[in-house]
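# Report on the structure
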Amino acid sequence: MLFGFASISSARVALSLYALDLGASPSAVGMLVGALYVFPLLISWPVGRYADRLGSRWLLLLGAVCGGGAMLIPYFVRELPALFVASTLLGISFTLYNVLLPNVVGLLSEPHDRARNFSNASLVGSTTLFVGPLLAGIAVDLSGHANACLYLVALPVAAATALVAWGGVLPGGSRAVGSAGGLRETLTDPGMLRILATSSLVQVGQDLYQFYIPVYGHGIGLSASAIGGLLATFAAASFVVRFFLPSVVARFGEERVLGVSFYVAATGFGLVPLFENTLALAAVTFIFGLGMGCGQPITTMLIFGRTARGRSGEILGLRQSVNNAMRVSGPALFGFVATAFGLPAVFWLSALMMGGGGLLSRPHVSR
């Protein structure tokens, strides 16, 4: 998880900065981001079903191989179309990590320690969000965009090495055959549909911030290292809030904490266009991270808690399919908004979207 997610977070920053250096417009960067989510949209649910039957080790190894290949392409072919190919291939790696690793955490957890284990796993995720962008920014400043992509191949290589050496300890498959009608039952469960909707808003909000902060920072003249530092600040805030998450959830409940987190994230989005100073933007990013840092582990806990035994991979894959339906269209749509109305409109529209997520997340007594 450490090396795999760090490879994804560093690659997203490196590819976005590379595209800007090649003269890409904000709408083109948005389309580049959308390309990363084409395969996650198409294969997340089948990947989850397959893992339920046969386990996760070799699928995760395939993800590491795809991630390494994605970062080699921009080194050898230094043109904008190559970045789209790399982003699409990176999407396969992202799918496999994002569906399978949370599922493995859930399978290794008993109900009484599920919140703690998901929180601990999310701390690893926060660490990767800190390390990845920081490494990408420093590598770009020190050696240029193409060489930075080459250096970042070390992260998926490390993930592959860990899987080859120790992957045998991961849980195997738990089902021999699929359950008929399972997907239909899931899609007619109002509670599950509400969780899937809030989960997609968490993901698209986090992604929009991570992808448009580099565009905004580039536009106001920040260095690649400064931009990487801002994204690392987001990760640091996520780490802080996730450290206390088990006790906060135990006291206030999952849905109430999730709703407040959306409102805090909306505040962070709304404040970004008001500042150009690096330290001020770091403070705003920290606020945003305190909000968004809660969302992913809480929605994962909610989904895993409502899922029948033996179907967790399938349902988490369905979750990623729903998330990525928005991810494919969201960045491109917001890229056109940025081109037509300017970057401030992107952040303010995102703030309204996060506010809507807060309303959707309110506890429902009838559940």
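In this text the structure is predicted, and so the values were computed from the model without any measurement.

The next thing to look at is the pattern of salt bridges. The final tally for this structure, using the stated rule, is 4 salt bridges. With its nearest N and O atoms 3.3 Å apart, the salt bridge here joins Glu-314 to Arg-49. Here the residue Glu-314 occupies a position in helix α15 (residues 312–341), and Arg-49 occupies one in helix α3 (residues 38–54), the gap between them amounting to 265 residues. An identical accessibility class is assigned to Glu-314 and Arg-49; each is buried. Between Arg-194 and Glu-255 there is a salt bridge whose closest N-O contact spans 2.5 Å. Pair noted here: Arg-194 is in helix α10 (residues 190–219) and Glu-255 is in helix α13 (residues 254–271), with a separation of 61 residues, a long-range link.

Before going further, it helps to spend a moment on α13. Here α13 is 18 residues long and its end C-alpha atoms lie 26 Å apart, about the 26 Å a rise of 1.5 Å per residue gives. Every buried residue of α13 is listed here: Glu-255, Val-257, Leu-258, Gly-259, Ser-261, Phe-262, Ala-265, Ala-266, Gly-268, Phe-269 and Gly-270. Looking at the packing, one finds that the buried side of α13 touches α10, α12 (245–252), α14 (278–305) and α16 (343–360).

So, about the side chain of Arg-194. According to the relative accessible area criterion, Arg-194 is buried, its value standing at 13%. A polar contact is formed between the side chain of Arg-194 and the side chain of Glu-255, at a distance of 2.5 Å.

For Val-33, the position within the fold is in helix α2 (residues 26–36). Take Val-33: its relative accessible area is 4%, and that puts it in the buried class. In sequence terms Val-33 and Gly-335 are 302 residues apart; their C-alpha atoms lie 9.7 Å from each other.

Membership of the largest hydrophobic core comes to 107 residues, with the highest contact counts inside it found for Tyr-212 and Ile-298. The leading source of residues in this core is α10, at 13 residues.

A word on the confidence of the model for the chain. On average, residues of the chain score 86 in pLDDT, and 94% of them are at 70 or above. Low pLDDT (under 50) marks residues 177–181, which in the prediction has 4 contacts with non-local residues, meaning those over four places away or in another chain.

Rules used in this analysis
Positions within a chain are numbered from 1, following the residues in the order the chain's sequence is written. For a predicted model such as this one, the threshold for reporting local features is a pLDDT of at least 70, and the threshold for listing and counting side-chain atom pairs is 80 or more; totals across whole chains, interfaces and linings nevertheless cover every residue. The side-chain numbers reported here are obtained from all heavy atoms of the structure, hydrogens and water having been left aside. One side-chain nitrogen of Lys or Arg within 4 Å of one carboxyl oxygen of Asp or Glu is enough to make a salt bridge. To qualify as a helix, a DSSP run of H or I must reach at least 4 residues; to qualify as a strand, a run of E must reach at least 2; elements of each kind are numbered from the N terminus. Any residue under 20% of the maximum accessible area for its type is buried, any over 50% is exposed, and the rest in between are partly exposed; the area is computed with a 1.4 Å probe on protein chains only. Expected span, for any helix, means 1.5 Å times one less than how many residues it has. A contact between two residues is defined here by any heavy atoms of the two lying within 4.5 Å. Any pair of nitrogen or oxygen atoms within 3.5 Å is treated as a polar contact; in protein, a donor-acceptor pairing is required on top of that, and neighbouring residues in sequence qualify only through side-chain atoms on both sides. Working definition of a nonpolar core: buried Ala, Val, Leu, Ile, Met, Phe, Trp, Tyr and Cys residues. They are joined through side-chain atoms within 4.5 Å. Values of pLDDT, ranging from 0 to 100, describe the predictor's confidence in every residue of the model.

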